[in-house]
Amino acid sequence: MNRTRFWKLLVATLLCIALMPLHALCETAAPITLTDMKGREITLEAPATRIVALTPADCEILYAVGAGDALVGRGEYCDYPEAVLAVPTVQSGSETNIEQIVALAPQVVLTGTMAQTQEQVAALEAAGIKVVVSNAQDIAGVYAAISMIGTVAGKPAEAAALIDNMKAGFAAITQAVGGQRERTVYFEVSPLQWGLWTAGSGTFMDELATMLGLTNAFADVQGWAEVSQEQVIARDPDYIVTITMYYGEGPTPVDEIMAREGWQGMKAVQNGHVFNADQNEISRPSPRLVDAADALYQFVSEQEGLAPAA
């Protein structure tokens, strides 16, 4: 090899090494094929660097795996972490504006199964945008969503580490609880003024109850279901968990429940075992479910005399 060619090869090699963090064209990323949570097989030419996420949970997962810089658009309800507030908002659900999303030139749109219509998905795909659907109903589904989004964003190792951290957090709470207790809990996911809804079996809230050594008062109901006051009163739960947000006016969600007509005879009300959980932590299938579980544990442990979770 002559000296001139040697130096050309050396310079080219050094340029590749120097530019690797910037994903230079020294090598071409291999295509990625994944199956989304609606069973659709999707192939990306490379990890996505421009993503629009329409659901709050998916936004949270992107940041949690270290891919927040890939987010170029967010649904209007995506509000965590604080950094996401600087990302342009787009309309979602029935108000989705396809042109608004296309203008952001994303490679991928992340959406939930109930967030978009088939026609909207087809319109996005016709514009050359890959649509990846998430659908986490239980904790295993949250892990699946994290793994899927980590793959989309080129962060599979970070996603795996995040899942391991969540499992460790849940395990610490389960160990601290030390087994099941003869206590029931009712999750109120929609307040009385809007019609009572609760979490039944097959939901991550039901799994949180089990972690806390409690039995879901509506474990015989599948998924998210509407219930009546009479049903709640008849089941007389030991604990009530409301996720109603308080905006600083009128009675707090806890006070409103404690004052409901006909509820005063219930064990949870008589003992003051009514907890107002952080709505976003406990209602979003995201990594912050660990925080929701810890907050619930802190409340229950005070009533049951349990030791702090490790």
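Please read all numbers here as calculations on a predicted model, not as lab measurements.

A. How the structure looks around the overall build of the chain. Per the secondary structure count, the chain includes twelve helices and 13 strands. A buried classification covers 45% of the 310 residues belonging to the chain. A sequence separation of at least 24 residues applies to 60% of the contacts in the chain between residues at least 6 apart. Accessible surface for the chain amounts to roughly 15,700 Å². Of this, 54% is attributable to carbon and sulfur atoms.

B. Spatial organisation of helix α6 (residues 156-177). The end-to-end C-alpha separation of α6 is 32 Å, in line with the 32 Å expected for 22 residues at 1.5 Å each. Of the positions making up α6, those classed as buried are Ala-159, Leu-162, Ile-163, Met-166, Gly-169, Phe-170, Ala-172, Ile-173 and Val-177. Residues of α6 that are buried make contact with α2 (56-64), α5 (139-152), α7 (204-211) and α12 (289-304). Following α6 by one or two positions, Gly-178 has its phi on the positive side, about 75°.

C. Highlighting the packing of aromatic side chains. Overall, the coordinates contain five aromatic pairs when judged by the stated rule. Both rings, one in Tyr-239 and one in Phe-299, keep their centres 6.3 Å apart while their planes meet at 75°; by these two values the pair is edge-to-face. Of this pair, Tyr-239 sits in strand β12 (residues 239-242) while Phe-299 sits in helix α12, and the two are 60 residues apart along the sequence. According to the relative accessible area criterion, Tyr-239 is buried, its value standing at 2%. Relative accessible area serves as the criterion here: at 14%, Phe-299 is assigned to the buried category. One aromatic cluster is present, built from ring pairs that chain together Tyr-186, Phe-218 and Trp-263. For the cation-ring pair, Lys-167 lies above Tyr-143, with the distance from its terminal atom to the ring centre recorded as 5.3 Å. Between Arg-260 and the ring centre of Trp-263, over which it is positioned, the NZ or CZ distance is 4.5 Å.

D. Highlighting the pattern of salt bridges. One pass over the structure, following the stated rule, counts nine salt bridges. Two residues, Asp-236 and Lys-267, come together in a salt bridge whose shortest N-O distance is 3.1 Å. Of this pair, Asp-236 sits in the loop between α8 (229-235) and β12 while Lys-267 sits in helix α10 (residues 267-270), and the two are 31 residues apart along the sequence. Measuring nitrogen to oxygen at the nearest pair gives 2.8 Å for the salt bridge that ties Glu-256 to Arg-260. What emerges from the salt-bridge pattern is a single network uniting Glu-60, Asp-79, Arg-284 and Arg-288.

E. Up close: α2. In terms of residue burial, α2 counts as a mostly covered element, since seven of its nine residues are buried. Among all positions in α2, only Pro-56, Ala-57, Asp-58, Cys-59, Glu-60, Ile-61 and Leu-62 are buried. The inward-facing, buried residues of α2 contact β3 (51-53), β4 (71-75), β6 (108-112), β7 (130-134) and α5.

F. Local environment of unusual backbone geometry. Of note, the amide linkage connecting Tyr-80 to Pro-81 takes the cis form, showing an omega dihedral of 0°. Along the chain, the position of Pro-81 falls in the loop between β4 and β5 (89-90). One non-glycine residue, Ala-105, lies in the positive phi region at around 55°. Structurally, the position occupied by Ala-105 is in the loop between α3 (98-102) and β6. A positive phi angle, close to 40°, is found at Asp-236, a residue other than glycine.

G. The arrangement of the side chain of Asp-36 in detail. Considering the arrangement of structural elements, one finds Asp-36 in the loop between β1 (32-35) and β2 (41-44). Accessibility expressed as a relative area gives 4% for Asp-36, which makes it buried. Among the polar contacts made by the side chain of Asp-36, one reaches the main-chain amide nitrogen of Lys-38 at a distance of 2.9 Å. The residues contacting Asp-36, other than those within four sequence positions of it, are Ile-42, Val-131, Val-132, Val-133 and Met-148.

Conventions and cut-offs
Residues numbered from 1 in each chain as written. Predicted model: local features only at pLDDT ≥ 70, side-chain atom pairs only at ≥ 80, totals over all residues. Heavy atoms only, no water. Helix = DSSP H or I, 4+ residues; strand = E, 2+ residues; numbered from the N terminus. Buried < 20%, exposed > 50% of the residue type's maximum accessible area, 1.4 Å probe, protein only. Contact = heavy atoms within 4.5 Å. Areas by Shrake-Rupley, 256 points an atom, 1.4 Å probe, with all protein chains shown as cover. Expected span 1.5 Å × (residues − 1). Phe/Tyr/Trp six-rings, centres within 6.5 Å; stacked < 30°, edge-to-face > 60°. Lys NZ or Arg CZ within 6 Å of the ring centre and 35° of its normal. Salt bridge = Lys/Arg side-chain N within 4 Å of Asp/Glu carboxyl O. Polar contact = N/O pair within 3.5 Å; in protein donor to acceptor, adjacent residues only side chain to side chain.

Coordinates in, geometry out; function isn't part of it.
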